[in-house]
Structures are given as structure tokens and as C-alpha cells.
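The lines below spell out each chain.
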Amino acid sequence: MASFTSDLSLIPKPLPKTLRKTISRVSLSRKIVPFNRLKPKGLTMHVASAVIEPKTEETEEFLSLGFDVVTEAELAEKGFLGLRKTKLVCTVGPACCSYEELWKLAMGGMNVARLNMCHNTKEWHRDVIRKIKKLNSEQGFCVSVMIDTEGSQIHVADHGAPSSVKAEDGSIWFFTTEQFEGCRPFTVQASYEGFAEGIKEGDELVVDGGMATFKVIERIGNDLRCKCIDPGLLLPRAKLSFWRDGKLVDKHHELPTLSTKFDTDLISSIVMLYELQDWSDIEFGISEGVDFIAMSFVKDADAVNHLKNYLSTKNKFIKVLAKIESLESLHKLEEIVEASDGIMVARGDLGVEIPLEQIPTVQEDIINLCRQLNKPVIVASQLLESMIEYPTPTRAEVADVSEAVRQYADALMLSGESAVGSFGEKALSVLRMASSRMELWSREENHQSSVPQHKLGISLPDQIAEQICNCASQMANNLGVDAVFVYTRHGQMASLLSRNRPNPPIFAFTDEKSTQMALNLQWGVIPILVDLSDDMDDNINKTTDLIKAKAMLKEGDTVLIVSDVIPTGSTPTVYQSLQVKIIS
Ligand SMILES: Nc1ncnc2c1ncn2[C@@H]1O[C@H](COP(=O)(O)OP(=O)(O)O)[C@@H](O)[C@H]1O
Ligand SMILES: C=C(OP(=O)(O)O)C(=O)O
Ligand SMILES: [K+]
Ligand SMILES: [Mg+2]
């Protein structure tokens, strides 16, 4: 049986009395260790009292080892097994875009910052990206950057008011494509010219997956006059879907995956080649050196392949994530997962396209498929929605977060909670605490998820790599090693290890910056940038000595070591290896 302790057990003692009080209830309170204190003496600090402190000699020293400050502090605090495995993504918005606010999120465990290109200007996004890069280079963080393309937001509607507006039963509303400033009573602006195309009298217009429902009573050109038949709230920028005879009217297939609204001269040549749009967002991502591009409303593998080909012609190592948020993408799920570098279960729009009660099973199916095919997967939208306004989550929200962790998603994402919410940092700490708790429970109860049966490798070296990682993960659990070290240029073996979700953390040593930033999204992987030589023994000795010198490894600790670095210039015969090292 797992021991039942209060959540306070996750917080190192002793705690100041005042702090104990504040976290006595559900203890989802945040805690922060000053980054330049490498071995905090069991004391944690509240964010409120944390200040940005200048770099010290100590920070310089571990920067050379490529360890990030947050992992280092967490390791000193909780030991190897206590390191959080589930990665955290935060959407950056007006509520968290200053240097100090971003610093707090980074301290709070943000692994990836997401910028939703649907909102705000390029200048605003550029400014945020630069601040994050500055935090990484000057303060020792390792936060990756993801941009999320606008996609075909055909059905966003806005009533113009800053907060929600109630639609009463029987009230008559006008949905128009006419652009106007401010708000007009009973009028909602649709963002897309052809939003009413193909829509007939009697169809149902559903707002935000069921917040409110209208019946179409008349179509006037591009506009619709509707009667509210299920009252509810209309939020600013709400999502619309149309239903006929109990089925979704699928309008996405009429639209390209990426919207064309910018930089026409740049686009025209590329569009002809790839039929892709949203190039302005993509060019922006390339020029700002982002680590991930999340593609909205992906319809099939072609869309992903187009973008990946384009990035490779430009020699850019940006990972392409496909967002699963339409019925069509569910129909082509396997080919999309295979083509992409990772997946986002975008439950916001998905919940508009499929009945809400199907979301939990669809989510689990997507996560399992991603593990089979070895692609990282993010669970996104409404994880802690009530925390946009309130300082504590609902029990149901904590249960939802825990369920995603139990399903072994690689990462959890905050949207409005961090972008516009009043309690972004607190929401992040809820994710952190809930995932640590569920990971501990899964481990203690031995809810080991079995090794994925699906064989990936085709070439012999790939098959060897896969088998080594499967065995290594099992060995790591059976022997109870303290950590797994993997030496990897492109991250392949690190992700094959992660796919097995082993108990100990996976330290991935790489000499490629892009590999380090990409591995930030993978379950249980701590990517570390180091110089790697062709001499593997030398690499192993050098890194273990450095970590030992920092008192992170001690005599008697066992480390399982996996390597896939191909010595340059030599013929690759057997280049993968597996060994267990007992630290002396
Ligand atoms: N860069 C930004 N600038 C302003 N507001 C933002 C930004 N990013 C996100 N938001 C706000 O946070 C909310 C939640 O974010 P997200 O889930 O990414 O977008 P959406 O609700 O459009 O799907 C958005 O509706 C928007 O109000
Ligand atoms: C993450 C999502 O996409 P966006 O926020 O861009 O609508 C979603 O729909 O859940
Ligand atoms: K988007
Ligand atoms: Mg969406």
C-alpha cells in the first residue's frame, strides 16, 4: 500500500510556521527555492518573497555543466526519485509577460512557454521570446519556446464586450461577419467570411461546446438570425459549431490547415509549392529561433510533412507538433502522429467538435498511440479553468489533471490560467503538486505501465536501440538504480527510454542545443548540454565526476548508462551500449 501522508510531505521540512499555516488545507501552495542556493537547507520560500538575485560563482559553475537551476534545486531537495516526470507548458499572455513574471513561472517549473499567435502582435510575442531566452542564458533556466499557429479559426465569435454576456432562453441574436467597433446588443461578430456557408434554417449553432445553443431561424446573406434554445454565457472570442440532425456540420475540410492572412508576397511562392499558409507565423518562429511549432487544426499527415520539409530545407531543427482538435484529425490520427514530432490533445476545440463525454476516452487513446509511436504528447485546455478567476481549483479539475498524469501524458498545459488568469503561478504549482503526487502513487502502487508492444525500428541499429531502451528501463526498475544516464546527439535513445516511463529520472547528455530544448517536452527526461567527445568512457567519467563533485551523486549510488553517440569518422558497427556503474 502506498503510504497516506498529507501533501505537506512533498514539501521539505522544516517549514516556517506561517508557511505551514497557509498550506495546511490542500497544500497546493507554491514553493520556490532561490536559484542561486544550490543546496537549500530544507527551507523553501514563497514566490512573493523571492527576488531575482544576481548570478554567483556557483551558478556560473553549474552552467558549464549544463544543468538548469530548477532541476538542480529540485534534486537537492527531493533526490533522484523525487524529480517530477510530467512536463509543464504555460501559455504566456498579458498576465505573465514581464521578466519577473516569467522568472516566477520558470522557477515554478515551466518547461515550455507557449505563445498563441491567435492573440496579440508579433512585436509582443518577440519581446516575450527574447525575455525567455535572456532568462535561460543569464539566470540558468532551460525553458523551451513553442509558438501555436492561428490555424483556421473559422468559428470564433465575439460580442465585443470585455466579459461574458448572458443569452436568455428565447432571445433573438444576430451572428454577423460585418466588422464593427465596440458592441451592439444581441449581436455577435463571426471572424470568418464564409462562416454561414452551407448552413440552413433549422440547424443548431452551439457556442463553446454547449455553453449556449441557438436555432438558426433565418439566413440573410453571410449572416444568421438565431433564437436561443438553451440559455447560457457567451464569452469573448467564443467558439462556434453547427449541428444538423444530431451531427456536426464539418466545415474544416473546406479550409486549409493554416490561415492566409499575412505577408502575401512571401506566401504566394510558398503556397503554390506547399498549399500551406500561416507562413507569417512560421517565418516569425524561424527567425526568433523557437523550439516547437504547434500546428492548429491539422487535417492529415500531408500538412505536417509540408511544414517539416520546409523546415528541413531551411536547416532548422524546430519540432512540429500537430494539434488534434477536429473530427477530421481523429479520423487520420495514426498518420498524423507518425508524421509529427509530437501531439497536443487540444481539448478546447475538440470539445466543440465531438460530444464532451467522448473527450476522456479519446484523450487516453491518443496518449497511448503516442507512446506506441514514441511521440511526446501534451494534454491541453481547461485543466484548471476555474483558476482563471479563483485561487483554488475544483476537486474535479485536480482529478482531471491527475488522470492525465496517470495516463502518462508527457506534458500538461495551462492556457487562460496563466495567460490571463489572476493565479497563474498558483495554477502551475497545482499542476506540479498534483503530478508529483500521482507519479509517486503510480510508482509505489507499482502501476507500472507495461512496455509498449509496438515495434518501431526497421533498420537493425534502430531495432537494437529500441531493445536496449526497453531492457534498460526494465533493468532500471528491477535494480532500483538511482538514475539513468543517456548520451545522445539527436535524442532518439532518450525518447525511447522515456517511452517506457521508467522509475528513475533519465539524464540526457547531449552536445546539440536543439536536442536539449526538444527533450524538455519528454516525460522524465532531464536534458543537459555538455561537450561530448568520441571517447565514450571519457564522456561518462567526465559527467559522473562533475555531478559527484556537486554532491548530487555519492559513493554507492548506481547509474544505468545508455549511449547512442556514433563516433565520428568510424564505421558504425555496434555503437549503442548499456552498462551499470556503481559510483565509487
Ligand atoms: N498573447 C496573448 N495576448 C492576449 N491574450 C491572450 C494571449 N494568449 C492567450 N490569451 C488569452 O488567454 C485565453 C486562453 O488562451 P488560449 O487557450 O491559448 O486561446 P483560445 O481561448 O483562443 O483558444 C485566450 O482566449 C485569450 O483571451
Ligand atoms: C489548445 C487549443 O487550441 P487554441 O487554444 O489555439 O484554440 C485547444 O483548442 O484546446
Ligand atoms: K492557436
Ligand atoms: Mg484550438
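With an unreviewed UniProt entry as reference, the protein chain is termed Pyruvate kinase, source organism Artemisia annua. As stated in UniProt under Catalytic activity (unreviewed entry), the record for the protein chain gives "pyruvate + ATP = phosphoenolpyruvate + ADP + H(+)". Per UniProt, the protein chain carries the Pathway (unreviewed entry) text "Carbohydrate degradation; glycolysis; pyruvate from D-glyceraldehyde 3-phosphate: step 5/5."

Describing the coordination of the potassium ion (ligand 3)
In this structure, Asn116 (OD1), Asp148 (OD) and Thr149 (O) serve as the protein donors to the potassium ion (ligand 3), at separations of 2.8 to 2.9 Å. Look at where the donors of the potassium ion (ligand 3) fall in the sequence and you get N-x31-D-T. The distance between the potassium ion (ligand 3) and the magnesium ion (ligand 4) comes to 5.5 Å. In this pair, Asn116 sits in strand β2 (residues 112-116) while Thr149 sits in the loop between β3 (144-148) and β4 (156-158), placing the two residues 33 residues apart along the sequence. Given a relative accessible area of 0%, Thr149 falls into the buried group.

Digging into the site of ligand 2
Around ligand 2 lies a shell of 12 residues, among which Lys323, Glu325, Gly348, Asp349 and Ser381 are the nearest. Within the backbone of Ala346, one N or O atom sits 3.4 Å away from an oxygen atom of ligand 2. One of the backbone N or O atoms of Gly348 is found 2.7 Å from an oxygen atom in ligand 2. Expressed as a share of its isolated accessible area of 290 Å², the protein-covered part of ligand 2 is 93%. At the level of secondary structure, the elements contributing two or more residues to the shell around ligand 2 comprise β2, β16 (342-346) and α11 (347-353). Element by element, the count of residues in the shell around ligand 2 is highest for α11, at 3 residues. A class-by-class count of the residues in the shell around ligand 2 yields 2 nonpolar, 4 polar and 6 charged.

Let's talk about the coordination of the magnesium ion (ligand 4)
Coordination of the magnesium ion (ligand 4) by the protein involves Glu325 (OE) and Asp349 (OD), with metal-donor separations of 1.9 to 2.0 Å. On the basis of relative accessible area, Asp349 is assigned to the buried category, the value being 4%.

Brief notes about the sheet that holds strand β23 (residues 577-582)
What the 5 strands build is an open sheet, ordered β21-β20-β19-β22-β23; its pairing is mixed. A strand with exactly one partner marks an edge of an open sheet, and here the two such strands are β21 (525-529) and β23. Taking each pair of neighbouring strands and ignoring which way they run, the sheet shows an average axis angle of 25 degrees. When strand β19 (residues 483-487) meets strand β22 (residues 558-563), the two strands line up parallel, connected through 5 bridges. Pairing of Val484 across the sheet is with Leu560, part of β22. Lying on the sheet, helix α16 (residues 460-479) is in contact with β19, β22 and β23; it crosses β23 at an angle near 20 degrees.

Here we look at the site of ligand 1
Of all residues adjacent to ligand 1, which total 14 residues, the nearest are Arg114, Asn116, His119, Asn120 and Lys239. In the model, an oxygen atom of ligand 1 is placed 2.7 Å from a nitrogen or oxygen of the Asn116 side chain. In the model, a nitrogen atom of ligand 1 is placed 3.0 Å from a nitrogen or oxygen of the Asn120 side chain. Against a free-state accessible area of 520 Å², the protein chains account for coverage of 77% of ligand 1. Every element with two or more residues in the shell around ligand 1 is listed here: β2, α5 (122-139) and α14 (416-419). Classifying every residue of the shell around ligand 1 gives 5 nonpolar, 7 polar and 2 charged.

Structural notes on the domain arrangement of the protein chain
If you check the domain split of the protein chain, you get domain 1 (7-75), domain 2 (88-152 + 259-444), domain 3 (156-250) and domain 4 (460-582). Taken together, the contacts link 9 residues of domain 2 with 9 residues of domain 3. Approximately 740 Å² of surface area, both sides summed, lies buried where domain 2 meets domain 3, with 58% of it carried by carbon and sulfur atoms. Linking domain 2 to domain 3 there are 0 salt bridges. One can count 0 residue pairs in polar contact (both at pLDDT 80 or more) joining domain 2 with domain 3. At the level of elements, α9 (327-331) and α11 are the ones that each hand at least two residues to the side of domain 2 that touches domain 3.

Structural notes on the packing of α16 against helix α17 (residues 492-499)
Relative to each other, α16 and α17 sit at 45 degrees, their axes nearing to 8 Å. Taken as axis vectors, α16 and α17 run oblique relative to one another. Judged by the twist between their axes, the crossing of α16 over α17 is right-handed. Contacts from Ala465, Glu466, Ile468, Cys469, Asn470, Ala472 and Ser473 in α16 reach Met493, Leu496, Leu497 and Arg499 in α17. Tallied by class, the residues present in the contact of α16 with α17 amount to 7 nonpolar, 2 polar and 2 charged.

As for the sheet that holds β2
Pairing within the closed barrel is parallel, and its 8 strands lie in the order β1-β2-β3-β14-β15-β16-β17-β18. Taken over all neighbouring pairs, the strand axes of this sheet differ in orientation by 25 degrees on average, direction set aside.

Brief notes about the packing of helix α4 (residues 99-107) against α5
Relative orientation of the contacting elements α4 and α5 amounts to 60 degrees, with a least axis distance of 10 Å. The orientation of α4 with respect to α5, classified from their angle, is oblique. Where α4 crosses over α5, the two elements pack in a sense that is right-handed. Within the contact between the two elements, α4 uses Tyr99, Leu102 and Trp103 and α5 uses Val128, Lys131, Ile132, Lys134, Leu135, Glu138 and Gln139. Taken together, the residues that form the contact of α4 with α5 break down as 6 nonpolar, 1 polar and 3 charged.

What counts and how
- Residues numbered from 1 in each chain as written.
- Chains lettered and ligands numbered in written order.
- Predicted model: local features only at pLDDT ≥ 70, side-chain atom pairs only at ≥ 80, totals over all residues.
- Heavy atoms only, no water.
- UniProt positions renumbered as here; feature names shortened; annotations may be inferred.
- Donors = N, O, S within 2.8 Å, 3.2 Å for Na, K, Ca; no water.
- Helix = DSSP H or I, 4+ residues; strand = E, 2+ residues; numbered from the N terminus.
- Buried < 20%, exposed > 50% of the residue type's maximum accessible area, 1.4 Å probe, protein only.
- Near = heavy atom within 4 Å.
- Polar contact = N/O pair within 3.5 Å; in protein donor to acceptor, adjacent residues only side chain to side chain.
- Areas by Shrake-Rupley, 256 points an atom, 1.4 Å probe, with all protein chains shown as cover.
- Nonpolar A, V, L, I, M, F, W, Y, C, P; charged D, E, K, R; others polar.
- Pairing = 2+ DSSP bridges.
- Axes fitted to C-alpha atoms, helices over the stretch in contact; angles between N-to-C directions.
- Contact = heavy atoms within 4.5 Å.
- Domains from an automatic or database assignment.
- Buried area = accessible area lost by both parts, 1.4 Å probe.
- Salt bridge = Lys/Arg side-chain N within 4 Å of Asp/Glu carboxyl O.
- Parallel < 35°, antiparallel > 145°, perpendicular 65-115°, else oblique.
- Left-handed = near helix turned anticlockwise from the far one by under 90°.

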